[in-house]
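Breakdown of the fold
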Amino acid sequence: MRIEVVSDVICPWCYIGKRRLEKALALVASEVVPQVTWLPFQLNPSMPREGMPRVEYRRAKFGSVERGRELDARVAAEGRGEGIEFALERIERTPNTFAAHQLIDLAQEQGAGAAVVEALFRAYFEQARDTGDPEILLQLAESAGLARDAVRSRWADAAASGRVAQLEESMKALGISGVPTFIFERKLSVSGAQAPEALAAAMREAATP
């Protein structure tokens, strides 16, 4: 089954959604052979290349630091239920994620997409690392078996960058405005970090001729 996950690597609900998808796949393990592809979506496409302080970003987005903390607490509680220990209070910067999406694109070509996506989520949300920093991205890529020079070449490849940007635009053209969004066989989609049972039901429906 072709499963496409539209997400951003700084979206906490995308990390939670990833865990729920894994549980859903376990529920349909005898029925579905999954082929999972991660598709790009930038929550903040106008984010400066160097990112910005997270406190400043959250204040601008939610109106106050206090409101941001309330939302963080809700996410952290949901995450604990999925085995994720969010370190949101330790994250200093909100990064631009385009370079990370380029890295995922390369990793998927080399069969390391799942490892890189997991590493990016874990690094940002549980280790509070700046995943907009090229050196940190190179370290994560290397840990997943990718060559640093290959990653640098991908970042410098204008045609490859344009392809990633166009892929993101194509998701918006499908009407996707929020993430995570799970697309099954291009027949139906589920928006949000839904329960594993809901995702499993959607997969079974998509598998029906």
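Thresholds applied
For every chain, the first residue of the written sequence is number 1, and numbering continues from 1 along that sequence. Residue-level local features of this predicted model are given only where pLDDT is at least 70; pairs of side-chain atoms are given and counted only at 80 or more, and the full residue set underlies all totals for whole chains, interfaces and linings. Side-chain numbers come from the whole structure's heavy atoms, not from hydrogens or water. Here the nonpolar core consists of buried residues drawn from Ala, Val, Leu, Ile, Met, Phe, Trp, Tyr and Cys, with membership extended through side-chain atoms lying within 4.5 Å. Note on exposure labels: buried denotes an accessible area under 20% of the residue type's maximum, exposed denotes more than 50%, and partly exposed covers the range between, all computed with a 1.4 Å probe on protein chains only. Strands here are runs of E lasting at least two residues and helices are runs of H or I lasting at least four, both read from the DSSP assignment and numbered beginning at the N terminus. Residues count as neighbours in contact if any of their non-hydrogen atoms are within 4.5 Å of one another. Structural elements are reduced to axes, namely lines fitted to C-alpha atoms, with helices fitted over the stretch in contact, and the angle between N-to-C directions of any two is expressed from 0 to 180 degrees. Working rule for angles: under 35 degrees goes down as roughly parallel, over 145 as roughly antiparallel, 65 to 115 as roughly perpendicular, anything else as oblique. Whenever Lys or Arg places a side-chain nitrogen within 4 Å of a carboxyl oxygen from Asp or Glu, that contact is recorded as a salt bridge. Polar contacts here mean pairs of N or O atoms no more than 3.5 Å apart (in protein, one a potential hydrogen donor and the other a potential acceptor; neighbouring residues in sequence count only if both atoms are side-chain atoms).

Considering the nonpolar core
- In terms of nonpolar packing, the biggest core is built from 59 residues, with Val6, Phe86, Leu120, Phe125, Leu146, Phe184 and Met203 touching the most fellow members.
- Element by element, the count of residues in this core is highest for helix α5 (residues 113-126), at eight residues.
- In this structure leucine 120 touches Val9, Ala100, Ile104, Thr131, Leu137 and Leu140, once residues within four positions along its chain are discounted.

Points about unusual backbone geometry
- Note the cis peptide between valine 179 and proline 180, where omega equals 5°.
- As for its position among the elements, proline 180 is in the loop between α8 (158-173) and β5 (181-184).
- One non-glycine residue, alanine 128, lies in positive phi territory at about 55°.
- Although it is not a glycine, glutamate 185 sits at a positive phi angle of roughly 55°.
- With respect to the helices, strands and loops of the structure, glutamate 185 is situated in the loop between β5 and β6 (188-191).
- Of the residues examined, glutamate 185 reaches a relative accessible area of 34% and is grouped as partly exposed.

Here we look at the packing of helix α2 (residues 54-62) against helix α3 (residues 65-81)
- For the pair α2 and α3, the least separation of the axes is 8 Å and the interaxial angle reads 95°. With respect to each other, α2 and α3 are oriented roughly perpendicular. Two secondary-structure elements touch here, α2 through Arg54, Val55, Arg58, Arg59 and Phe62 and α3 through Val65, Arg67, Gly68, Leu71 and Asp72.

Observations regarding the pattern of salt bridges
- Here the structure, examined in full by the defined rule, presents 24 salt bridges.
- The salt bridge partner of arginine 2 is glutamate 4, with a shortest N-O separation of 3.1 Å.
- On the accessibility criterion, glutamate 4 (3% relative accessible area) is buried.
- Here lysine 18 and glutamate 118 are joined by a salt bridge, their closest N and O atoms 2.6 Å apart. Taken together, the residues span a long stretch of sequence, with lysine 18 in helix α1 (residues 12-27) and glutamate 118 in helix α5 at a distance of 100 residues.
- Via salt bridges that share partners, Lys18, Arg19, Glu22, Glu118, Arg122 and Glu126 belong to a single interconnected network.

Some words on the side chain of aspartate 105
- Relative to the elements of secondary structure, aspartate 105 occurs in helix α4 (residues 98-109).
- Here the side chain of aspartate 105 touches arginine 154 through a polar contact of 2.9 Å, side chain to side chain.

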